[in-house]
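# Survey of secondary and tertiary structure
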Amino acid sequence: MNLMDKPVNKWSAEDVGNWLSTNGFQRYVQQFRDDHQIDGICLLTLTEDDLRSPPLLIQVLGDIKRLGIALRSLQEANTELVLSVISRPQILSSLDKTYMWLKQRQLIDSNSDHSPNHNHHHHNHHHFPLTADRLLLTTEPELVEIKPESWKALIAMIYFFAATWITAIIMVIVHDRVPDMQTYPPLPDIFLDNIPLIPHAFDMCEVCGLVLFITWIVVLIFHKHRFVLLRRMFSLFGSVFFLRCVTMLITSLSVPGRHLQCKARPYGSWLERLHQAFVIWQGGGMSIQGVRTCGDYMFSGHTVVITLLNFFITEYTPPTLYLVHTLSWVFNLFGIFFILAAHEHYSIDVFIAFYISTRLFLYYHSLANNQALYQNDRKRTRIWFPLFYFFESGVQDIVPNVYDNPFVSRRNWNYNPSSVCLFFKKLLPNNIFTKNSEKQL
């Protein structure tokens, strides 16, 4: 029986040795066949990294490349079989490139089979060969499969609400012990000492926050991986607010402005304190909701909210939406300015809030987007970042910015980032996008 007439997954180690001899790799027959017992299935999953790494440890670079080419040709000829054998790896490796390469080839072949210009596509296919590295970078976002795991989003929401409720209780406690303004005057502050008080500036900050919040809700509704985004949002917000509880409680700063009517208001019982905490929690700690607090200065909760909202919006919208990203940053920076202009926080409160929020967001997403780092340090991650370990255990890829309509069937409505950009371009003036594209050129 001819070797090529036999399914590769039925090949024995002896058949693999014959395949190596046929392709001019006689010197490695004993190593593959006798030393490592590599059969047909194992052969289909080999990569160049496997060839150059222990235990194979092939030393000749030319042989590695030639054998790698032969392996890819064999894998390409048995695409369906390889895709049924290779499961998604736990880390980003060369096996991952092989998977995406074959998946893309399968997609291209499928499209060309249904194309009226099938011969033309086939001709181009041979003149422009596709490599694994190239295909990994150009893979369609729809190929990335991420389980929604909505129950984790629910747990993250409970965690967030618990953090905000405890924050409200701590805000009542620190208000009870706010330093007397006559005994402890405002501390020197370079910004507050040189910028005059702007009335209603704090309300304007909260308006900026509301605009960012509404924008983020729209992104959440139409993002295909909305449940992953939800649990990331809830976990990050909750963690920062738990940290804020600690910093508020351990040190009480003096009131930053004499215009603020802040006096300690000790309550008679814990029931009254819990009632006041509920009022704060229900109003979201916002002055436009009638909430008035003192003593919760280190660090600024308003800065945390608008900064994280800005980062979430810019992270999970297509980078070609220049106007949306620019406006998001404008609202973020103006919100911070309004906080300082209202003299509601010291400059150090705002600076630390911005730094902690941005660093935590970037650290979280760097670890989530680089699963190799996460896997190599798995035990320590489980100990020091238990929330991350739990929420991200089912996400093995960078979350692509793909959108769908949750109100209709996914079959009828499924947009990728380019479609979203075209939609916004129809709504917004053309010159906005034209100018940005010219700048890039």
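Described in the following lines is the structure provided in the data block. (Residues numbered from 1 in each chain as written. Predicted model: local features only at pLDDT ≥ 70, side-chain atom pairs only at ≥ 80, totals over all residues. Heavy atoms only, no water.)

Within the protein, the regular secondary structure consists of 22 helices and two strands. Buried residues in the protein amount to 45% of all 441 residues. Carbon and sulfur atoms form 62% of the exposed surface of the protein, whose accessible area is close to 23900 Å². (Helix = DSSP H or I, 4+ residues; strand = E, 2+ residues; numbered from the N terminus. Buried < 20%, exposed > 50% of the residue type's maximum accessible area, 1.4 Å probe, protein only. Areas by Shrake-Rupley, 256 points an atom, 1.4 Å probe, with all protein chains shown as cover.)

Here the focus is the nonpolar core. Counting residues in each nonpolar core, the largest one holds 59 residues, and the members touching the most others are Trp216, Phe237 and Phe312. For this core, the secondary structure elements donating two or more residues are α10 (150-176), α12 (201-222), α13 (226-250), α15 (301-315), α16 (322-341), α17 (347-369) and α20 (386-391). Leaving out residues up to four positions away in the same chain, tryptophan 216 has contacts with Leu229, Met233, Leu309, Phe312, Ile313 and Tyr316. Of all hydrophobic cores here, the second largest spans 24 residues; its members include Val8, Val16, Leu56 and Ile58. (Core = buried A, V, L, I, M, F, W, Y, C linked by side-chain atoms within 4.5 Å. Contact = heavy atoms within 4.5 Å.)

What follows deals with the state of the cysteines. Here is the idea: a disulfide is a covalent bond, and it sits between the sulfur atoms of two cysteines. Across all of its chains, the model carries one disulfide by this definition. Covalent S-S linkage joins cysteine 262 and cysteine 294, the inter-sulfur distance amounting to 1.9 Å. Between cysteine 262 and cysteine 294 the disulfide shows an S-S torsion of about -70 degrees. By sign, it is left-handed. Note that cysteine 262 is positioned in the loop between α13 and α14 (270-282) and cysteine 294 in the loop between α14 and α15, a separation of 32 residues in sequence. (Disulfide = S-S within 2.5 Å.)

On the surface, Ile348, Phe351, Tyr355, Leu362 and Tyr363 cluster together into a nonpolar patch covering about 540 Å² of accessible area. Counting through the fold element by element, phenylalanine 351 comes out in helix α17. Classification of phenylalanine 351 as exposed rests on a relative accessible area of 52%. (Patch = residues over 30% accessible without salt bridge, like charges linked within 9 Å, V, L, I, M, F, W, Y side chains within 5 Å. Salt bridge = Lys/Arg side-chain N within 4 Å of Asp/Glu carboxyl O.)

This brings us to the side chain of serine 300. Here serine 300 shows up in the loop between α14 and α15. Accessibility expressed as a relative area gives 0% for serine 300, which makes it buried. A distance of 2.9 Å separates polar atoms of two side chains, one belonging to serine 300 and the other to threonine 303. Not counting residues up to four positions away in its chain, the partners in contact with serine 300 are Arg244, Ile339, His345, Asp349, Val350 and Ala353. (Polar contact = N/O pair within 3.5 Å; in protein donor to acceptor, adjacent residues only side chain to side chain.)

The subject of this paragraph is α15. Its 15 residues place the ends of α15 21 Å apart at the C-alpha level, agreeing with the 21 Å of an ideal helix rising 1.5 Å per residue. The element α15 is extensively covered by neighbouring structure, given that twelve of its 15 residues are classed as buried. Contact partners of the buried residues in α15: α12, α13, α16 and α17. (Expected span 1.5 Å × (residues − 1).)

Turning our eyes to something else, we now look at unusual backbone geometry. Glycine aside, negative phi is the norm for most residues, and most peptide bonds take the trans geometry. In this structure, the amide linkage connecting proline 54 to the following residue, proline 55, adopts the cis form with an omega of 10 degrees. Tracing the chain through its elements places proline 55 in the loop between α4 (48-52) and α5 (61-77). Following methionine 298, the chain continues into phenylalanine 299 via a peptide bond in cis, with omega recorded as 5 degrees. One non-glycine residue, glutamine 37, adopts positive backbone phi at about 50 degrees. Positionally, glutamine 37 belongs in the loop between α2 (29-35) and α3 (40-44). The backbone phi angle of leucine 57 is positive, close to 55 degrees, even though this residue is not glycine. Structurally, leucine 57 is set in the loop between α4 and α5.

Another aspect to go through is α5. For α5, with 17 residues, the first-to-last C-alpha span of 24 Å sits near the 24 Å given by 1.5 Å per residue. Listed as buried for α5 are Asp63, Ile64, Leu67, Gly68, Ala70, Leu71, Leu74 and Gln75. Across the axial projection of α5, the buried residues extend over an arc of 170 degrees, all falling on one side. Among the exposed residues of α5, those pointing more than 90 degrees away from its buried face are Leu61 and Ala77. (Arc of directions from axis to C-beta.)

Another point: the pattern of salt bridges. Within the structure shown, the criterion is met by 16 salt bridges. Of the charged contacts, one joins arginine 33 and aspartate 34 as a salt bridge, the two residues approaching to 3.0 Å between their closest N and O atoms. Because the salt bridges share partners, they merge into one network encompassing Glu48, Asp49, Arg52, Lys65 and Arg72.

Here we take up the layout of surface pockets. There is about 1100 Å³ of room inside the largest pocket. What lines the largest pocket is a set of 45 residues, and nearest its centre among them are Phe241, Gly284, Gly285, Met286 and Val305. Elements that contribute at least two residues to the lining of the largest pocket include exactly α10, α12, α13, α14 and α15. Counting residues per element, the lining of the largest pocket draws most heavily on α12, which supplies nine residues. Across the lining of the largest pocket, the residue classes break down as 27 nonpolar, 13 polar and five charged. (1 Å grid on protein atoms, 1.4 Å probe; cavity = no way out; pocket = protein on both sides within 12 Å on 5 of 7 lines; lining within 4 Å. Points joined across faces, edges and corners; volume = space filled by probe spheres on them. Nonpolar A, V, L, I, M, F, W, Y, C, P; charged D, E, K, R; others polar.)

Let us look at the packing of aromatic side chains. Here the structure, examined in full by the defined rule, presents 20 aromatic pairs. Judged by centre distance (6.3 Å) and plane angle (45 degrees), the ring pair of tryptophan 216 and tyrosine 316 falls under tilted. Residue tryptophan 216 is located in helix α12, and its partner tyrosine 316 is located in the loop between α15 and α16; the two are separated by 100 residues in the primary sequence. Each member of the pair tryptophan 216 and tyrosine 316 is classed as buried. Lying over the aromatic face of phenylalanine 390, lysine 152 brings its terminal NZ or CZ to 5.1 Å of the ring centre. Its guanidinium or amino end placed over the ring of tryptophan 270, arginine 273 lies 4.7 Å from that ring's centre, counting from NZ or CZ. (Phe/Tyr/Trp six-rings, centres within 6.5 Å; stacked < 30°, edge-to-face > 60°. Lys NZ or Arg CZ within 6 Å of the ring centre and 35° of its normal.)

In this section: the environment of arginine 72. Among the secondary structure elements, arginine 72 is positioned in helix α5. Classification of arginine 72 as partly exposed rests on a relative accessible area of 29%. When the C-alpha atoms of arginine 72 and leucine 44 are compared, they prove to be 8.5 Å apart, with 28 residues separating the residues in sequence.

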